Amino acid sequence: MGNALAQISQSGVAVWLDDLSRDRLKNGSLTKLIQTYNVVGVTTNPSIFAAAIGNSDLYQSDIKQNKDKSTEDIITKLTTDDVRNACDLFTQIFKSSGGVDGRVSIEVDPRFARDTQATVTQGKQLWQIIDRPNLLIKVPATVEGLPAITELISSGISVNVTLIFSVSRYKEVLAAFAAGLEKGLANGVSIKGIYSVASFFISRIDSEVDKQLPIDSQLRGMTAIANAVMAYEAYSAFEKTTRWQSLADKGGNLQRPLWASTGVKDPTYDPTRYVMLLVAKNTVNTMPEATLNIVRDSGVFAGDTITPNIKSAKSTLAKLAMAGIDLDKVTNHLEVDGVAKFEAAWLDLMSSVKAVANGS
């Protein structure tokens, strides 16, 4: 059996780590993953930072030194320092990949998910504070997030669009991305250095749909992958449009689909399925370390597992609809729930930082 991480990397999947902490930066574990696990990028989110900062002593001195600042400003200091240092670790990959990989993501305050202007303002601030070309600013794919994506892209800022659950919303994300490049060009901005990914959440969809299916249903565990395959079809169709071809001719870099939430939550499922069944060129798969390990050790590479399965994915989604699954209702719920979970994690982070700052 070969190293599946190396095999999927060679077939066009960028392997990213869905985790970051000061401990990882200090103890060399991130460097090791870059050197031996084919990791070429990192994603973070409010839950990751809440766990990292809440569970480590390495942040306490910084918190105490900045105790006179607001809790939000302290969090910005902690998270941007970590992300900047991670960006520096990936500088060589960033350069050798021509800017495609070697990327590190940081998310705007999740409490701004329904506030376009606040998202734009903080996205620009984070871009300036971190000041690294291989940064990605994460923006939730809410209705209010779409114009923020356009505005940030048009300002020359590279964006990771997060919390995408439905194919219909993904198509709107692609349009918002293209509009940003078009607006940038109209304003005299060079678009050659602007990159973007669209983070499509996987495991949460199966978790939600499976609850609505009989325990013996053959459709259990099939929704998320079929939905992602349809997203990739939308990506491929967009690439062929005259709108995109015009942008590509002017130096535009196509926004790649990124598979997120790829750790398997149902213990009865193959723990590599959200990686090995979502292999296709020009995609990204961001994984927690446990998934990285199991894919490397036991993943079975079968080449491109997306494009040959578009027809069967459509059939699966049709069967789910016949079984009474309203996928639009599911994905709408998951977006609301996803925003709420990130807000809750952020509030937990604020509480833990405030406690250290206050000496308790």
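This is a predicted model, so every value here is computed, not measured.

Engineer: Mind laying out the side chain of R22, listing which residues take part and the relevant values?
Structural biologist: Among the structural elements, R22 can be located in helix α2 (residues 22–27). Within the local environment of R22, its side chain forms a polar contact with the side chain of D62, the two groups lying 2.9 Å apart. Setting aside residues up to four positions removed in sequence, R22 forms contacts with L58, Y59, D62, L78, D81 and D82.

Engineer: Give a detailed account of the pairing of strand β7 (residues 256–260), specifying residues and quantitative values.
Structural biologist: Extensive coverage of β7 is indicated by the burial of 5 of its 5 residues. As defined by bridge partners, strand β6 (residues 196–201) adjoins β7 across 5 bridges and the pair is classed as parallel. Following the sheet pairing, F200 is matched in β7 by W259. When β7 meets strand β8 (residues 283–287), the two strands line up parallel, connected through 2 bridges. Within the sheet, the bridge partner assigned to W259 lies in β8 and is N285.

Engineer: Which residues make up the nonpolar core, and what values go with them?
Structural biologist: Inside soluble globular proteins, nonpolar side chains tend to come together where they are buried. Judged by nonpolar contacts, the single largest core of 117 residues is most densely connected at V83, I137, Y170, W259 and L292. If near-sequence neighbours (up to four positions away) are discounted, W259 is found in contact with F200, I202, A228, A231, Y232, L278, T283, V284, N285, T286 and I306.

Engineer: I'd like a rundown of the packing of aromatic side chains, residues and numbers included.
Structural biologist: Enumeration over the complete set of coordinates arrives at 6 aromatic pairs. Taking 5.2 Å as the distance between ring centres and 40 degrees as the angle between the ring planes, the aromatic pair formed by Y232 and Y235 counts as tilted. Linking Y232 with Y235, this pair stays in helix α12 (residues 223–239), spanning 3 residues, or about one helical turn. Owing to a relative accessible area of 2%, Y235 belongs among the buried residues under this scheme. Measuring from ring centre to ring centre gives 6.0 Å for F238 and W244, while their planes differ by 40 degrees; the resulting arrangement is tilted. Judged by its relative accessible area of 3%, W244 falls in the buried class. Members of the aromatic cluster, each reached through a chain of ring pairs, are Y170, F200 and W259. Just above the ring of Y269 sits the side chain of R273; from NZ or CZ to the centre is 4.9 Å.

Conventions adopted
- Residues numbered from 1 in each chain as written.
- Predicted model: local features only at pLDDT ≥ 70, side-chain atom pairs only at ≥ 80, totals over all residues.
- Heavy atoms only, no water.
- Helix = DSSP H or I, 4+ residues; strand = E, 2+ residues; numbered from the N terminus.
- Polar contact = N/O pair within 3.5 Å; in protein donor to acceptor, adjacent residues only side chain to side chain.
- Contact = heavy atoms within 4.5 Å.
- Buried < 20%, exposed > 50% of the residue type's maximum accessible area, 1.4 Å probe, protein only.
- Pairing = 2+ DSSP bridges.
- Core = buried A, V, L, I, M, F, W, Y, C linked by side-chain atoms within 4.5 Å.
- Phe/Tyr/Trp six-rings, centres within 6.5 Å; stacked < 30°, edge-to-face > 60°.
- Lys NZ or Arg CZ within 6 Å of the ring centre and 35° of its normal.

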